[in-house]
Amino acid sequence: MFAATTAHTEARAEPPPDQKTSFIKVEGRHLVRNGRRLMLRAVNFSNFYFMDLSPAELLESPHHFAADFGRVRELGFNAVRFAFNGDWYDRDRNTFFRWLDRNVQMSNDHGINLILDLHTPIGSFWLDPTKRVNFDIWRDPKIQQKNIKMWKDIAARYRDRENIAALDILNEPVTLDETGQQWRDLAGKLVSAIREVNKNHVIIVGALYGTEGQYGTQGLERHFLVNDNNALYDFHFYEPIRYTHQSAKWLERPTDDGGRYPDPKVLLPTGGQILIPNARISTPSVVDGDSDWQLYDSGRVTVTDKAAVAGLPMVVARGPVHGTVHVDDVKVLEYDRAGNLIGEVARDPLDEERVLHWYPWGQQNSDTSKFRISWDIGFNDDYSLVISGLERNRISGWSSDDNFFAIVPGHSYRIVGRLRGQDIRPSGGSERGGVYLEIDFYKNPAGSSRGAFIGRTKRLLEHKMQESLEFGAKHNVPMSVMEFGLIGTAFKGKRGGAAWLRDILELLEKHTVAYAYWEYHGDTMGVFVRNSGEFEFAHPPIRPNPKLVHALEDALKPPHKTMIASDPISPKRDPSVLLKRP
C-alpha cells in the first residue's frame, strides 16, 4: 500500500557513505548543527498510535506515503515528530524495525529530520480517559525494563543517522505516585540506557502531566533536569484548553462551544487584583434535609460599581454546616442594560478534568478533609465538588482562577448551578450556616498601568508559555513544544483558530522554541482530515483544512508558496501534488 516507498531492510539502517556527519546538538538554550543554530519546525505523524496493530497492518499502514514527507517540506516544516506504540515493538521486533527503517529512509530522502516519539509505552496506556487505561509501567519492574531495553535497541540501531533529530523518550507521563518521582526515576534510567549505546542524538525529556493516575499537576514541579548535557526539555501547549479542545469527543464531557480567540472578556489573573467588598451575587443556600440535584439561581443583578473589571464564580460555605453538599455544573450569564441575554460568560461542567482545577480556600488545618472531590457522584457524570461537616463559624469554599470573566459596569449577571444535599440540618445555635454559589467582583490596584488580569489574547498565551520557559532560563537549557494545536471546530465561523495559530507560532519563533504541530493526518485536529466523521483504517485523511493550511503556510513562509486545492487528493494519486493557492 506504500506506492512510493523505498525497499525495507532487515539490517541496521546506515547513512549513505558520502553523508557528512552533522548531528543536531544542544548548545546552551539552543539547538545547533555544524555550529549553526537550528530551529526544529515539525508536524506530528500520529501513526494510529492508539491502535493495536498487527505486524501486517503496521507494514501496510495507510497513515502516510513516502511523498507525504515531501508535502511536509512544502508546507514549510523541516521535521516530523514520529509517534510509535511500544507494543508494536514488543509484539514483533523485526516487523517494527522494517516499518521504522523505511520511514527513517523516506524522511531522509526528502530532507526531513525525524523525532522518534514513544507515544504509548509497552504495557501501558493513559492518553484517552474514555478508553481503558493501564499504568503497569509504574507497577511492574519487568514492563519498565522492557521499555528501557526497547529504547536502548532503537538508540543503538539509529545512532549513526543524522536525519534523526531527537529521541522523545515518553509522551505525557502520568504516574501513580503523588509527586511524580516515578517519572523522574524512569527518565534517568532511560537516559542512562540510551547513552550506553548512543551519544549522538538529543534526548527529549517531557514534563510531568499527572499523578495518582489522573492528569493534573497543581502545586507540583513539572520539569526536572536529567544527568545529560544533550537534552531538550519539553512541554505541550494547548492553552486555553477549553478553546483549543472545544467539542473534542475524547474528553469526558466535551465543551460544545469553547468561545473564540482573541476574546479579551475571558480573563486570567496575574496577581494584585483587589476584591470589592460587599459586592456579591449569591444563590439561595442548599435546602435542609436530603435533596437530589436541584438548580439554584441567583436571578439577575446589575453591577453598578464602575471600578469592577472582573468576576469570579465560586462555591461558598458559611459554617457551621452539618451534612454533605455536592456541587456541579456552574455557569454565569450576562445581560445588557436593556435586560437582553448576551450569553454565558463563564461555565464549568466540573467534569473529570475540570474538578482538578478547583481549589479549596479559607479552611483551617482541621478542615482539610471536609473539602474533597467526588469520583462517584455528579450531575450527569461521576464528578463533583464536596463540602461536608464544617463545625466552625467561618467562611470557606471552592474556586478556580480559570473562571474569571470580564465585567461591564451597568450589565447584569446571574449565577446558576446544581447542588445536592445529604442530611443538611441547622446547627442549633444562633448562627445559621449554609452552602451556596456566589460571584465575587474585583478591581485593579490603584495606579496599575497593566491591570491585574489578562484577556484571552496573545499576551495570555505568552504569559502561560513563560511558566514553562522559566525552567529553561533558570537552568540554561533548551525547551521545546512537541505538541500544540487546536481542533478543527476552532477554525469554523469567527472562532479565530487561524489567529491563535499565528500568535502561537510567532511566540515560539520569538523564544526560539523547537516545536511540532499536532497533527498532520487526523480526524479532528489534522492538517488533513477525513471526508467523513467515521474512522476507516484503510483510508487516510486526505481533505485539507484550508484555513489551517493557509495559516501554516503564511506563518512558516516556505521557499515555494503553494496551497493544496480545495478538492481532496485521492490516495491513488501522488499525495505530494501541491497546487498553487488560488
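Let me begin by describing the structure that accompanies this report. Sequence order as written defines the numbering, with residues in each chain counted from 1. Local features in a predicted model are, by the rule used here, given only for residues with pLDDT of at least 70; side-chain atom pairs are given and counted only at 80 or more, and totals for whole chains, interfaces and linings are based on all residues. Hydrogens and water are ignored here; the side-chain numbers use all heavy atoms of the structure.

1. Things to note about the nonpolar core
Item 1. Core analysis: the biggest nonpolar cluster contains 102 residues, and Trp183 and Phe484 have the highest contact counts within it.
Item 2. In this description, contact between two residues means that some pair of their heavy atoms is separated by no more than 4.5 Å. Contacts of Trp183, omitting those with residues within four sequence positions, involve Trp138, Ile169, Leu170, Pro173, Thr175, Leu190, Val205, Gly206, Ala207, Leu208 and Phe224.
Item 3. Put simply, buried Ala, Val, Leu, Ile, Met, Phe, Trp, Tyr and Cys residues joined by side-chain atoms within 4.5 Å make one nonpolar core. Any residue under 20% of the maximum accessible area for its type is buried, any over 50% is exposed, and the rest in between are partly exposed; the area is computed with a 1.4 Å probe on protein chains only. Counting residues in hydrophobic clusters, the runner-up holds 35 residues, among them Ile281, Val303, Leu350 and Phe371.

2. Some points on the pattern of salt bridges
Item 1. The working definition used for a salt bridge is a side-chain nitrogen of Lys or Arg within 4 Å of a carboxyl oxygen of Asp or Glu. Taken as a whole and assessed by the stated rule, the structure comprises 27 salt bridges.
Item 2. Between Glu509 and Arg41 there is a salt bridge; the shortest N-O distance is 2.7 Å. Here Glu509, found in helix α10 (residues 497-510), pairs with Arg41, found in strand β4 (residues 41-45); they are 468 residues apart in sequence, far enough to count as distant.
Item 3. Judged by its relative accessible area of 24%, Arg41 falls in the partly exposed class.
Item 4. Linked by salt bridges that have partners in common, Arg81, Asp117, Asp168 and Glu483 make up one network. For helices the rule is a DSSP run of H or I covering at least 4 residues; for strands it is a run of E covering at least 2, with both sets numbered from the N terminus onward.

3. Some thoughts on the sheet that holds strand β2 (residues 30-33)
Item 1. If you walk across this open sheet you meet the three strands as β1-β2-β3, and the pairing is antiparallel. The open sheet is flanked by β1 (25-27) and β3 (36-38), the only strands paired with a single partner. The average undirected angle you get between the axes of adjacent strands in this sheet is 55°.
Item 2. Where β2 and β3 come together, three bridges link them in antiparallel fashion. The partner of Leu31 across the bridge, within β3, is Leu38. A pair of strands is considered paired only if DSSP assigns at least 2 bridges between the two. Helix axes use the C-alpha atoms of the stretch in contact, all axes being lines fitted to C-alpha atoms, and the angles between their N-to-C directions lie in the range 0 to 180 degrees.

4. Some words on α10
For an α-helix, 3.6 residues make a turn, and residues three or four places apart therefore share a direction.
Item 1. Expected span, for any helix, means 1.5 Å times one less than how many residues it has. The end-to-end C-alpha distance of α10 is 20 Å, a good match for the 20 Å that 14 residues give at a rise of 1.5 Å each.
Item 2. A positive backbone phi angle near 45° is found at Thr512, which sits one or two residues after α10.

5. Some details on the environment of His64
Item 1. Topologically, His64 is positioned in the loop between α1 (55-59) and α2 (66-75).
Item 2. For His64, a relative accessible area of 3% puts it in the buried group.

6. Considerations on the layout of surface pockets
Item 1. In this structure, the second largest pocket encloses a volume near 410 Å³.
Item 2. Among the elements of the structure, β12 (214-215) and β21 (359-361) are those that each provide at least two residues to the lining of the second largest pocket.
Item 3. Split into classes, the residues belonging to the lining of the second largest pocket amount to 10 nonpolar, five polar and two charged. Only protein atoms enter the 1 Å grid, on which a cavity is a set of points fitting a 1.4 Å probe that cannot get out and a pocket is an open set with protein on both sides within 12 Å along at least 5 of 7 lines, lining residues being those with an atom within 4 Å of a point. Grid points are joined across faces, edges and corners, and a volume is the space filled by probe spheres set on the points. Classification used: nonpolar for Ala, Val, Leu, Ile, Met, Phe, Trp, Tyr, Cys and Pro, charged for Asp, Glu, Lys and Arg, polar for all others including Gly.

7. Focus: the sheet that holds strand β5 (residues 79-85)
Item 1. Spatially, the eight strands close up into a barrel ordered β4-β5-β6-β9-β10-β13-β29-β30, and their pairing is parallel. Pairwise comparison of adjacent strand axes, ignoring direction, gives a mean angle of 30° for this sheet.
Item 2. Note that strand β10 (residues 202-206) and strand β13 (residues 231-234) share four bridges and pair parallel. Directly across from Gly206, in β13, lies its bridge partner Asp234.
Item 3. Where α10 meets the sheet, it contacts β4, β29 (479-484) and β30 (514-517), and its direction lies at approximately 165° from that of β29.

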